[in-house]
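# Observations on the three-dimensional arrangement
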Amino acid sequence: MKRIEMEMKKYAALYRTELLNEVVPFWEKKSLDTVHGGYVTCLNENGEVFDTDKFMWLQARQAWMFSTLFTQVEAKENWKDAAKLGIDFMKKNGRDAQGNWYFSLTKEGRPLVQAYNIFSDCFAAMAFGAYYKLDPKEEYAAIAKATFQNILQRQENPKGKYDKTYPGTREMQNFALPMILCNLALELDHLLEKEQVAQLTEGISDLILNKFYQEDSGLVYENIAPNGTLVNSFEGRLLNPGHAIEAMWFLMDLGAKNGDNELIAKAEKIMFQQLEFGWDKEHDGIFYFLDAKGNPPQQLEWDQKLWWVHLETLVALAKSIRLTGNSMAKEWFEKVHEYTWNHFRDSDKGGEWFGYLNRRGEPLLKLKGGKWKGCFHVPRALLQVSKTLEI
């Protein structure tokens, strides 16, 4: 056991060094927009800006990340300033008249794309909740709580008037929002009523573990019917192993918070099932999308290997090691670590990592940030793994 603990502490040190010496400095130097506020995220492999549009959930994620670095790593004023740059930009420009958060803005802060995507709201609530911890002004708490309540009101119909599906024909519920709400409730635990957090997380846990997860197949489905049954269609057969694995470390955190070892064990079991099913036996790495019955997936990018999928898997495996000491978690961690660090990390230029690989593990795009990739999954995973394994 002592040998394993020493090995894990070496990983913890490696991840912390990469976080503080490479990834965080990249975003500090390349992305802060001190002229208009907020952050630019569309950065090529050299960190040069190739597009100046600002995407709300990336603004929020980066503000959350720098706030979290300040409160969990070191109270550095430049990290607080970087967080405030995003918070002020969002507060000034980010919402419509109903309090919904836009999807994207111009670099100056003018709305570009309407507030159709509820995940902008989810990450905005996270950002303001995290910033409140380092600057406890009521306005930040009020924005976080109001946004959270708005999310709850919209959760049954998250896209509202922007929903393209025809009502009543094939209604489905998607896995992504319950997954995010589980984590969001824990992130806002310091601002919400304890009873509300308990009720919400209990309901979400039940939905994930007993509806989206199917015991017979051992799989977590991306879309199910409102009554929890499976639907034999492209959407109904869709699997996203990365989503499912990420959700399991959220549930492990919930189990650790509540002292619920049964929840931890079930989340760990499901995490292993998704990892084993989603692993590419020919080229290694984890598939982006799969069809539960082995049919051709609808998504043409199904066989790509994405950065966040592998990083969230490393977080889940680190938590498994820490919470249960499962030897299988250690074996998988070392396997996924080797693939992730050898393929996504930019060994030539350093800084932020690549995000998109083809099935063989070769970079498809050498961008460091874009419309969907920002200052979040890489630094959050490096922080999570280092904190989890250093103990």
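Being a predicted model, the structure only gives us computed values, none of them experimental.

Turning next to empty space enclosed by the protein. Using the criterion set out here, one finds one cavity of 30 Å³ or more in the structure. Of the voids in this model, the largest cavity is the one considered here, and its volume is about 50 Å³. For the largest cavity, the full set of lining residues is Leu 219, Val 220, Leu 239, Asn 240, Pro 241, Ala 244, Gln 274 and Phe 277. Looking at the lining of the largest cavity, the elements that each hand over two or more residues are strand 8 (219-220), helix 8 (241-258) and helix 9 (261-278). Here the residues of the lining of the largest cavity are counted per class, giving six nonpolar, two polar and no charged.

What follows is about the layout of surface pockets. There is about 620 Å³ of room inside the second largest pocket. Lining the second largest pocket are 24 residues, and of these Gln 72, Asp 253, Lys 319, Gln 384 and Lys 387 sit closest to its centre. Every element with two or more residues in the lining of the second largest pocket is listed here: helix 2 (56-72), helix 4 (118-134), helix 6 (176-187), helix 8, helix 10 (307-324) and helix 12 (377-389). Among the elements that make up the lining of the second largest pocket, the one with the highest residue count is helix 12 (five residues). Taken together, the residues of the lining of the second largest pocket break down into eight nonpolar, seven polar and nine charged.

Of note, Asp 284 is a non-glycine position whose phi angle comes to about 70°, a positive value. Mapped onto the secondary structure, Asp 284 falls in the loop between helix 9 and strand 11 (290-291). Relative accessible area serves as the criterion here: at 35%, Asp 284 is assigned to the partly exposed category.

Our focus in this paragraph is the side chain of Ser 120. By the element assignment, Ser 120 lies in helix 4. Apart from residues no more than four positions distant in its own chain, Ser 120 is found in contact with Met 56, Trp 57, Trp 101, Tyr 102 and Phe 103.

Now for helix 7 (residues 194-212). Between its first and last C-alpha atoms helix 7 spans 26 Å; for 19 residues at 1.5 Å apiece the expected length is 27 Å, and the two agree. Every buried residue of helix 7 is accounted for by Val 197, Leu 200, Thr 201, Ile 204, Ser 205, Leu 207, Ile 208, Leu 209 and Phe 212.

Overall, the coordinates contain 26 aromatic pairs when judged by the stated rule. With a centroid separation of 6.3 Å and an interplanar angle of 55°, the aromatic rings of Trp 57 and Phe 103 are classed as tilted. Here Trp 57 is found in helix 2, whereas its partner Phe 103 is found in the loop between helix 3 (77-93) and strand 4 (104-105), with 46 residues between them in sequence. The residues Trp 57 and Phe 103 share a single accessibility class, namely buried. An aromatic cluster is present here, built from Phe 55, Trp 57, Trp 64, Phe 103, Tyr 116, Phe 119, Phe 123, Trp 372 and Phe 376 joined pairwise through their rings. Arg 237 extends its terminal NZ or CZ atom over the ring of Phe 234, reaching a point 5.7 Å from the ring centre.

Our focus in this paragraph is the pattern of salt bridges. What the rule picks out here adds up to 23 salt bridges. For Asp 33, the salt bridge is made with Lys 54, and the minimal N-O distance between the two is 2.7 Å. Highlighted residues: Asp 33 in the loop between helix 1 (2-30) and strand 1 (42-43) and Lys 54 in strand 3 (residues 54-55), separated in sequence by 21 residues. Neither Asp 33 nor Lys 54 differs from the other in exposure class; each is buried. Put simply, Glu 312 and Arg 380 hold a salt bridge, and the shortest N to O gap is 3.0 Å.

Helix length check: helix 2, at 17 residues, gives a terminal C-alpha distance of 24 Å against a target of 24 Å (1.5 Å per residue), a fit within 8%. Counting buried residues along helix 2, 15 of its 17 residues qualify, which places the element largely inside the surrounding structure.

Criteria and thresholds
Residues numbered from 1 in each chain as written. Predicted model: local features only at pLDDT ≥ 70, side-chain atom pairs only at ≥ 80, totals over all residues. Heavy atoms only, no water. 1 Å grid on protein atoms, 1.4 Å probe; cavity = no way out; pocket = protein on both sides within 12 Å on 5 of 7 lines; lining within 4 Å. Points joined across faces, edges and corners; volume = space filled by probe spheres on them. Helix = DSSP H or I, 4+ residues; strand = E, 2+ residues; numbered from the N terminus. Nonpolar A, V, L, I, M, F, W, Y, C, P; charged D, E, K, R; others polar. Buried < 20%, exposed > 50% of the residue type's maximum accessible area, 1.4 Å probe, protein only. Contact = heavy atoms within 4.5 Å. Expected span 1.5 Å × (residues − 1). Phe/Tyr/Trp six-rings, centres within 6.5 Å; stacked < 30°, edge-to-face > 60°. Lys NZ or Arg CZ within 6 Å of the ring centre and 35° of its normal. Salt bridge = Lys/Arg side-chain N within 4 Å of Asp/Glu carboxyl O.

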